[in-house]
Structure formats: C-alpha cells, structure tokens
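Structure at a glance
So the chains spell out like this:
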2 protein chains.
Amino acid sequence: MAKHHSHQDCDVCPTRAQNPVCSVDGALSRVQDVRTTSRYSAGQVIFYAGNDPLGLFTVQTGLVKLEALSPEGDAHTLRLMGPGCILGYRALFASEPYRATAIAVEDSQLCFIPKTEMLKVFEEFPAVAMNLAKQLSVDLRRAEEKWVQQIDHQAPSRIAEALLFLTDHFSTQSWTRREIAEWAGTTPETVMRTLSTYEKQGLIALDGKSIRILSRPSLSEKAHRT
Amino acid sequence: MAKHHSHQDCDVCPTRAQNPVCSVDGALSRVQDVRTTSRYSAGQVIFYAGNDPLGLFTVQTGLVKLEALSPEGDAHTLRLMGPGCILGYRALFASEPYRATAIAVEDSQLCFIPKTEMLKVFEEFPAVAMNLAKQLSVDLRRAEEKWVQQIDHQAPSRIAEALLFLTDHFSTQSWTRREIAEWAGTTPETVMRTLSTYEKQGLIALDGKSIRILSRPSLSEKAHRT
DNA sequence: CGTGTTATTGAAGTGTATCAAATTGCGTGG
DNA sequence: CCACGCAATTTGATACACTTCAATAACACG
C-alpha cells in the first residue's frame, strides 16, 4: 500500500555506475526525465506473471525476487536482484508477457522507465541493448546450470550451494528455510534436516533462525559432490 | 573426419529468411564473404564446453544439440537447433567460454562467421544484436520453465511433454529412449517404462524403436498434470 | 496477548534411480 | 551377404532419497 512515486536526481543514485543502462555514456541524461522512483515494502508485488511488460525497473536499494508459482501453489525463485540490477528485460526483448512475478524480498526502492522510452534508448544507444544482452546471456547460463544441478545433485548438495550463493551475493539478508528451499528446488523440511546435519558436522552454526557459515570450503565441497 | 569447408552462395541458402542475422537488411551482404560452410556427420562435435567462442554458427540443414556433461558422465540436452537456428551467441555475448558441447544429432551443414566479424556486424546493424537478444530471452524463458517443470512434474509428465516438444519441433527425427531421457531429465529406463504405460493406455504406438503419437490431447493432458 | 508464521523432528509412503539380464536391432568388416 | 559385435530396447527386483503429512515448540506481529 505504501507505494510512493517521486522524481529524484540520478546524480545521487548509488547504482548508477554498475547499471547496464545508466552506465552508458549519454543514456543517463536521455533517461533522466522519463524515469520514476517507486518504493515497495517487503512482500509487495512489483509485477505479476501473465501481464504485459510496462517497461524496465532498476533496483536502487533493497532486494527483489522473480518467482514462478506452480499450479499446485508452491513457489520457485528464479532470480534474485539486488541494487544495480535490472528487472523486466526478458519480457521486453521477447515481446512476451511476464512469465514470473516480481516481489520485494525486503523494503526496496526501484527506478522505472516506460517501455516506449526504452525502445527509443535502444535505438539511440545500442550499447545499452548490448549490455542487457550480456546480462541475458549470464542469466541463461545460470538457468541452464540450475536445471542440470537439479538433476545431478541431491538435495543436500543443492542446499549447500544455495547457502554459498545466497550469502555470497546477498549477505545482509537473513534467509528462511522456505526461501532457501524455493531457491534450491526442494522443501523447507528437507532444508531443515540438511541444516541440522551440517550443524552436527560443524559446517554451520544455527542460532534460532540465523545461519552462520563456519567452513565455506567444506560447504563448497558438499556443493560439488553429487 | 569428413569435415569439408567451402564457400557457397547465400542466395540459395534455405534458411536465409528466418535467420536472426541474415534476415536483417544489409547484414547478409556484409557477411557474405567472411562466412564458411562446414559439414558434420551425426555424432561429430562442433565445439567443446570450456573452449573460447570462435564465432557464430548457423544450422543450414540437419540438427544440432547443446549438451552438458555431468562429472559422473551423464549427458543433458540443453537446447536443440534445427535449420535457421544460430549457435554460439550466448558465449559470445557473455564473453564466456562455451558452457556446453555442440554435437550434430544428424548429418548437418553449418555456416560459420568469425567472432571479430560478428562484433563489427553488431555495430553496423544493431538490429542483428536485437534479434539475438530476443532469441536469448526466449531461451531464458524455456530454461527457467524447464527447471520449474523438473521440480513440479514427475517423470511421466515430463516425458509426455518431451514427446510433444520433440515431435512438434523436429518431426523428422526418430528419437531414442536415451535422447528423450536426456531432454526430459530422467533415465532411459524410466522413459521406457513410461512409454510402455502410455502404449497400454493407447496414447502412443510403439513399433520397434519408432514412436507414433495416437492422441496428442491425452498426452498434453498428461504433460500438464503433476 | 492471541494468532499466524517459522522452526523442528518424526513416521510413513512412493517415485525413480540403479543394477542386472535377456532380447532385439543395426552397422561394419570380413 | 552374412556374421559378428555393440548399442538400444525391454522388463524385473531392489534400494533409498525425498516428499508428504502431522504435531509440537518457538517466535514475531499488530
């Protein structure tokens, strides 16, 4: 409900440099006056699967997840986007509706650029499109890797990998068993049992809901075994 | 061994129109004199995972698979490319080594354009890069869908989906149990058992190695159930 | 201070991988 | 052209990892 819209100076935007759009010479000023800032509280939806793309979002602060919901109702986390990451480019390039729902994991501030403006930017600054194509290529590699891992590695292995990935990339976040399960392609119960095992083995320390990693190497070892 | 290189007129190329590169005005003539044609027999490798990208391939005739090999030695088919499809763009855009090995499924003829030339083409004809970005976007959707299906759907369901997809897109090919398994993320034995069941139910007909689909609707129904 | 969510562990059920063995089919070379 | 060998097919038996269901405990929240 608390969704504020406002204009704000790109000069003070902390994500300007590492952003695939704004880091391109000239593109920033082109985009400056057509953009909007929106705030979302944790749990709020940014866009829904099935809808047509509106434009491009950039995460300025906070954390956003792309989640696919199965007909039976269980969620799967496809991608996670922190500050500097773009949101909505896949649907835009493919001219397809969104295939997943974007949800704020924690309180987040996003920057929005309408679709029609973005198409103009692509024409004026091909480097922007190239940057996004590079991002798509990395996303594709990760997605295909994830499928392969889902087949080759057992749940404990995938959970170890999830722990490493999530703490590596989003260390501030305190992840719930459910969130880890939705990322690792398993259930909260299996995550729990695995965490208990890893705790007994001294790889991690559990204190209530918080998980502290004691031995990255050993966890990494688990992640790479079947 | 029987790998022939030759120059050949793009005018007679059957895949020119639906090809993301050559269909762009002007790009064809730009590419015409830097391209090469290569022939591969079924089973031959076009490039290996781990190597740096050489350039872009186009499938003119035949069928090529992108396959990831697990450390334990079992293969997974990531993507399949028929006539008109491009090969090697993900690694090129990402500036990464190939993550998968490309193998000719049947005797195939490919067109090759070196990396340095492609980069020039991207600058001269941004529409080419846009077309490939669109392709990447579709690939990404499919890859993410595949991961979700791997979790949500049981083997019989995924096999039904595989049968439909493979016959839809590559109807000429006669698929082995192993190839279906590598696409569906399961084992040849499970594919076999499932095929037997589907035959008993009258959904398909098995005659030796050949599989004939008797009821697409019923198979589709199976594919969408858990 | 309840109420709903998360954590935690147990017990049961089952889908599917794995191993094994027999049969069929196919390509290759003698 | 046949015979051989190797790969693909087919079916059975076994094992087990993981989901599912369930029940309690700890916690966060308005």
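Everything discussed here concerns the structure shown above.
Things to note about the overall build of chain A
When helices and strands are counted, chain A shows 8 helices and 9 strands. Rg of the C-alpha trace for chain A: 19 Å, near the compact-globule value of 17 Å for 226 residues, within the 12% margin. Dimensions of chain A, computed from C-alpha atoms along their principal axes, come out at roughly 55 × 35 × 30 Å. When each of the 226 residues of chain A is scored for burial, the buried share is 54%. Long-range pairs, those at least 24 residues apart, make up 71% of the contacts in chain A with a sequence separation of at least 6.

A look at the protein's contact with DNA strand C
Of all residues adjacent to DNA strand C, which total 16 residues, the nearest are Arg177, Met192 and Ser196 of chain A together with Ala155 and Thr190 of chain B. Expressed as a percentage, the sugar and phosphate content of the atoms of DNA strand C within 4 Å of the protein is 73%. Arg193 of chain A places a polar side-chain atom, nitrogen or oxygen, 3.0 Å from a base oxygen of DNA strand C. Measuring from a phosphate oxygen of DNA strand C, one finds a backbone N or O atom of Ala155 of chain B at 2.6 Å. Counting only elements with at least two residues in the surface near DNA strand C, the list comes to helix 7 (188–200) of chain A together with helix 5 (155–169) and helix 7 (188–200) of chain B. By residue class, the composition of the surface near DNA strand C is 3 nonpolar, 7 polar and 6 charged.

A short note on the relation of the copies chain A and chain B
Mapping chain A onto chain B leaves a residual RMSD of 0.0 Å; the transformation is a rotation of 180 degrees accompanied by 0.0 Å of translation along its axis. What the superposition gives is, in effect, a two-fold axis relating one chain to the other. Here 100% of the interface residues in chain A have copies in chain B that are interface residues too; the copies meet face to matching face.

Topic: the nonpolar core
Judged by nonpolar contacts, the single largest core of 48 residues is most densely connected at Met118 and Val128 of chain A together with Met118 and Val128 of chain B. Elements with a contribution of two residues or more to this core: helix 1 (27–32), helix 2 (89–94), helix 3 (115–124) and helix 4 (126–152) of chain A together with helix 1 (27–32), helix 2 (89–94), helix 3 (115–124) and helix 4 (126–152) of chain B. Apart from residues lying up to four places away in sequence, Met118 of chain B is in contact with Val21, Leu56, Leu92, Ile113 and Val128 of chain B. Among the nonpolar cores identified, the runner-up in size contains 40 residues, and Phe47, Phe57, Leu110 and Trp147 of chain B belong to it.

Points about the packing of aromatic side chains
This structure, assessed with the given rule, holds 14 aromatic pairs over all chains. When the ring of Phe165 of chain A is compared with that of Trp183 of chain A, the centres are 5.0 Å apart and the planes differ by 15 degrees; the resulting orientation is stacked. Of this pair, Phe165 of chain A sits in helix 5 (residues 155–169) while Trp183 of chain A sits in helix 6 (residues 177–184), and the two are 18 residues apart along the sequence. Sitting over the face of the ring of Trp147 of chain A, Lys146 of chain B holds its NZ or CZ atom 4.1 Å from the ring centroid.

Here's the deal with the protein's contact with DNA strand D
In the vicinity of DNA strand D there are 17 residues, among which Ala155 and Thr190 of chain A together with Arg177, Met192 and Ser196 of chain B approach most closely. Here, DNA strand D places atoms within 4 Å of the protein, and 69% of those atoms are sugar or phosphate. Here a phosphate oxygen of DNA strand D sits 2.2 Å away from a polar atom, N or O, in the side chain of Arg177 of chain B. Here a phosphate oxygen of DNA strand D and a backbone polar atom of Gly208 of chain B are 3.4 Å apart. Sorting the residues of the surface near DNA strand D by element identifies helix 5 and helix 7 of chain A together with helix 6 (177–184) and helix 7 of chain B as the ones contributing at least two each.

What about the pairing of strand 4 (residues 55–69) of chain A?
All names here are of chain A. Counting buried residues in strand 4 gives 13 out of 15 residues, a clear majority hidden from the surface. In the sheet, strand 4 pairs with strand 7 (residues 101–114) via 11 bridges, with the strands oriented antiparallel. If you follow Thr61 over to strand 7, its bridge partner there is Gln109. In this sheet, strand 6 (residues 86–87) lies alongside strand 4 in antiparallel orientation, the contact comprising 2 bridges. What sits directly across from Thr58, in strand 6, is Ile86. Examined bridge by bridge, strand 4 and strand 5 (residues 75–81) share 6 bridges and lie antiparallel to one another. Residue pairing across strands places Leu69 opposite Ala75, the latter belonging to strand 5.

Basis of the calculations
- Residues numbered from 1 in each chain as written.
- Chains lettered and ligands numbered in written order.
- Predicted model: local features only at pLDDT ≥ 70, side-chain atom pairs only at ≥ 80, totals over all residues.
- Heavy atoms only, no water.
- Helix = DSSP H or I, 4+ residues; strand = E, 2+ residues; numbered from the N terminus.
- Rg over C-alpha atoms; globule rule 2.2 N^0.38 Å.
- Buried < 20%, exposed > 50% of the residue type's maximum accessible area, 1.4 Å probe, protein only.
- Contact = heavy atoms within 4.5 Å.
- Near = heavy atom within 4 Å.
- Polar contact = N/O pair within 3.5 Å; in protein donor to acceptor, adjacent residues only side chain to side chain.
- Nonpolar A, V, L, I, M, F, W, Y, C, P; charged D, E, K, R; others polar.
- Least-squares fit on C-alpha atoms with pLDDT ≥ 70 in both.
- Core = buried A, V, L, I, M, F, W, Y, C linked by side-chain atoms within 4.5 Å.
- Phe/Tyr/Trp six-rings, centres within 6.5 Å; stacked < 30°, edge-to-face > 60°.
- Lys NZ or Arg CZ within 6 Å of the ring centre and 35° of its normal.
- Pairing = 2+ DSSP bridges.

In short, the description is geometric, and any link to function would need to be established separately.
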